[in-house]
Amino acid sequence: MANIKSAIKRAELNTAANVRNSEQKSAMRTAIKKFEAAPTEDTLKAASSAIDKAATKGLIHANKASRDKSRLAAKLG
């Protein structure tokens, strides 16, 4: 464990960010699974939105976001 005050604070912030990022990524995966279970326009819109949010936050690469959205749209049409 860190001894320096700034290092302790940094570790706490990293833990909080990790939880936040994990929740966001999990929400994205859940939205994708919901779309795959019931492919409709509404579920596609929700999944695309979740993917865009994850890409904006830097949780996934922009190219992966684009690829995932393309694959979902192809499954719909």
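Nothing here was measured: the structure is a model prediction, and the numbers come from that model. (Residues numbered from 1 in each chain as written. Predicted model: local features only at pLDDT ≥ 70, side-chain atom pairs only at ≥ 80, totals over all residues. Heavy atoms only, no water.)

(A) Just helix α1 (residues 5-37), in detail. With 33 residues, α1 should cover 48 Å at 1.5 Å per step; its first-to-last C-alpha distance of 48 Å lies within 8% of that length. Listing the buried residues of α1 in full gives Met28, Ala31, Ile32 and Phe35. The elements touched by buried residues of α1 are α2 (41-57) and α3 (62-76). (Helix = DSSP H or I, 4+ residues; strand = E, 2+ residues; numbered from the N terminus. Expected span 1.5 Å × (residues − 1). Buried < 20%, exposed > 50% of the residue type's maximum accessible area, 1.4 Å probe, protein only. Contact = heavy atoms within 4.5 Å.)

(B) Region of interest: α2. For α2, which comprises 17 residues, the first-to-last C-alpha distance of 24 Å matches the rise-based estimate of 24 Å (1.5 Å per residue) to within 8%. Buried within α2 we find Leu44, Ala47, Ser48, Ala50, Ile51 and Ala54. Angularly, the buried residues of α2 cover 160° about the axis, an arc narrow enough to put them on a single face. Facing away from the buried surface of α2 by more than 90 degrees, the exposed residues are Glu41, Asp42, Lys45, Thr56 and Lys57. On the buried face of α2, the contacting elements are α1 and α3. In the stretch just after α2, Gly58 is the one whose phi turns positive, near 85°. (Arc of directions from axis to C-beta.)

(C) Region of interest: the packing of α1 against α2. Interhelical geometry of α1 versus α2 gives an angle of 155° and a closest axis separation of 8 Å. Here α2 runs roughly antiparallel to α1, going by the angle between their axes. As α1 runs across α2, the sense of the crossing is left-handed. Across from Gln24, Met28, Ala31, Ile32, Lys34 and Phe35 in α1, the residues of α2 making contact are Thr43, Leu44, Ala46, Ala47, Ala50, Ile51, Lys53 and Ala54. (Axes fitted to C-alpha atoms, helices over the stretch in contact; angles between N-to-C directions. Parallel < 35°, antiparallel > 145°, perpendicular 65-115°, else oblique. Left-handed = near helix turned anticlockwise from the far one by under 90°.)

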